[in-house]
Amino acid sequence: MGRITVAVMVSLWVIPISIIVNRIVPHPYMDEIFHIPQAQEYCRGNFRIWDPMITTPPGLYHLSLAYVASLFPGMYCVKSVSPFSHVCSTAILRSFNGVLAVICSILVYEIITHLRPALDKRKATLYAVVLALYPLHWFFTFLYYTDVASLTVVLAMYLACLKKNYLFSALLGALSVVVRQTNIIWMLFVACTGVIDIALVHPRGNMKADDFHESIRNSGSPTPKKSITGESKLRKRKFSTGVKTDYHSTLIISVSSTARMSSGLVEEFQNLLLTSWYLKWELLSSFCPFFLVLVAFGAFVHWNGSVVLGAKEAHVVSPHFAQIMYFSLIASLAMAPWHFSLGQASDMFWSFWENRPFSFFQGIMALAAVFLSVHFFSIAHPYLLADNRHYPFYLWRKVINGHWSMNKAQRKIWVLAYFLASAAALVPAPLIEFRYYTIPFFLLVLHSPTDDAGSWLLMGIVYLAVNAFTMAMFLCRPFHWQHEPGIQRFIW
């Protein structure tokens, strides 16, 4: 069991389903009508021709060109093609995403085994295969979209950073931005995780702020007076179990728990800043390539006048805060077998009840945030309202816009960085596209501590059922528009 097993198992469904999709849908569909002709122009050597409706950079087309070039010698020898440009057919270009899906599953396996070296290889193999079945990733494996390439390069960048190969990680970060420009956010997130790993693992990362300043006053250089293992002695005191607590003691425990959580984040942030300052030259040399990519991206945005390349009027940056709620909903549903067992629901309830003053306050604030985000910052994008081939169209029409009541209703520092990165990547997007949630979902799952193989198997079965339904709808339930010729199909 290992990466070869993962690759073989993913290939077992990528190859036959790709053949079926290409047989039933042989011509470019949906966004493929932009991407495939553009890639074919690159195959002809016409690098100056650009479709103004394409919003993403040409990274996918350059990668596809390298992939097609690797296939050409063999295909030429068997006389299946004559000129090079004929190799860039719809089926061949789609097959590139199939190859990337296999590579992506191997990267997932490598990241899992790196983050959790004690995990059994069979479980790691199972987890990687189940994630390869994630519906929003699985479906676009068989079409020529940028999503699979974007996810693959971002995961490769993250793995390189985890292995402390920061220069290679930055190069992959640059490639990820060339595939999809919003990946600049995930490149910055990966760089932040690298800084966090260096700073908080370093011995000085365990030093308290007071000790740091005192050591500077005493010796002129920061030397830790003592090692701090986590919380202060004051916080380690426990209430006597023999005394029955009343409402006031419960309130004290709740406030203490709140203070512990907030002070833990503050301490981590302080330690991160102090240690980063102490290691500033080491961090600067390691992460300077990331900064250069960021500067280059800023220069591009200044020159281009926008983050997107084409169709700028339809992709204006908007404060779409409800995207965070939609992503939370999709992620919760996708991980439901993990978190909604009776035992876990019971534990969640009692945890909520034991800290009820603070928990009730948190719940009220969360509901208020949901109400304000959905009510004031839900954007009905024209593409969403006009295109009934996408599932979000029905989510908006039947659920979000149809029911007023619903419409109004690791390390802590790592979690904070992940939340900020997800918000920065999703909130500016005015269009609800479930596939935008793929990268944050994968990073969330990869850092989730669930080891129950039964839950993973159940999640895999759910994914298989969803994939069978969406692919059957795509292939077997075509329909027609009166105002436009051609066959229309349901898609994510």
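Reading the values: the criteria
- Residues numbered from 1 in each chain as written.
- Predicted model: local features only at pLDDT ≥ 70, side-chain atom pairs only at ≥ 80, totals over all residues.
- Heavy atoms only, no water.
- Axes fitted to C-alpha atoms, helices over the stretch in contact; angles between N-to-C directions.
- Helix = DSSP H or I, 4+ residues; strand = E, 2+ residues; numbered from the N terminus.
- Parallel < 35°, antiparallel > 145°, perpendicular 65-115°, else oblique.
- Left-handed = near helix turned anticlockwise from the far one by under 90°.
- Contact = heavy atoms within 4.5 Å.
- Nonpolar A, V, L, I, M, F, W, Y, C, P; charged D, E, K, R; others polar.
- Buried < 20%, exposed > 50% of the residue type's maximum accessible area, 1.4 Å probe, protein only.
- pLDDT = per-residue confidence, 0-100.
- Expected span 1.5 Å × (residues − 1).
- Phe/Tyr/Trp six-rings, centres within 6.5 Å; stacked < 30°, edge-to-face > 60°.
- Pairing = 2+ DSSP bridges.

## Examining the packing of helix α4 (residues 90–115) against helix α7 (residues 147–162)
Step number 1: At their nearest, the axes of α4 and α7 sit 9 Å apart, and the two run at 30° to each other. In terms of orientation, α4 and α7 fall into the roughly parallel class. With respect to the hand of their crossing, α4 and α7 are arranged in left-handed fashion. Along its contact with α4, which presents Asn97, Leu100, Ala101, Ile103, Cys104, Leu107, Val108, Glu110, Ile111, His114 and Leu115, the element α7 presents Val148, Ala149, Leu151, Thr152, Leu155, Ala156, Tyr158, Leu159 and Leu162.
Step number 2: Grouping the constituent residues of the contact of α4 with α7 by class yields 16 nonpolar, 3 polar and 1 charged.

## Structural notes on the environment of Trp456
Step number 1: Turning to its location among the elements, Trp456 is positioned in helix α23 (residues 453–476).
Step number 2: With a relative accessible area of 2%, Trp456 lands in the buried category.
Step number 3: Contact partners of Trp456, with chain neighbours within four places excluded, come to Leu126, Tyr127, Val130, Leu131, Trp338, Val445 and Thr450.

## Focus: the confidence of the model for the protein chain
Step number 1: Mean pLDDT over the protein chain stands at 77; residues scoring 70 or higher make up 69%.
Step number 2: Counting interchain partners and residues more than four positions distant, the pLDDT-below-50 stretch residues 212–261 has 43 contacts.
Step number 3: Predicted confidence for residues 383–409 stays below pLDDT 50, and this span has 66 contacts to residues more than four positions away or in other chains.

## A word on helix α21 (residues 412–426)
Step number 1: Spanning 15 residues, α21 covers 21 Å between terminal C-alpha atoms, matching the ideal 21 Å at 1.5 Å per step.
Step number 2: The set of residues buried in α21 consists of Ile413, Trp414, Ala417, Tyr418, Ala421, Ser422, Ala423, Ala425 and Leu426.

## Describing the packing of aromatic side chains
Step number 1: All chains considered together, the criterion is met by 25 aromatic pairs.
Step number 2: Taking the centre distance of 5.0 Å and the plane angle of 35° together, the rings of Tyr67 and Phe96 count as tilted. With Tyr67 in helix α3 (residues 59–77) and Phe96 in helix α4, the pair connects residues that are 29 residues apart, well separated along the chain.
Step number 3: Given the relative accessible area of 14%, Tyr67 is considered buried.

## Quick word on the pairing of strand β2 (residues 484–488)
In regular strands, side chains alternate between the two faces of the sheet.
Step number 1: The sheet contact formed by strand β1 (residues 479–481) and β2 spans 3 bridges and is antiparallel. Following the sheet pairing, Trp481 is matched in β2 by Glu484.
Step number 2: With antiparallel pairing between neighbouring strands as the criterion, β1 and β2 make up a hairpin whose turn holds 2 residues.

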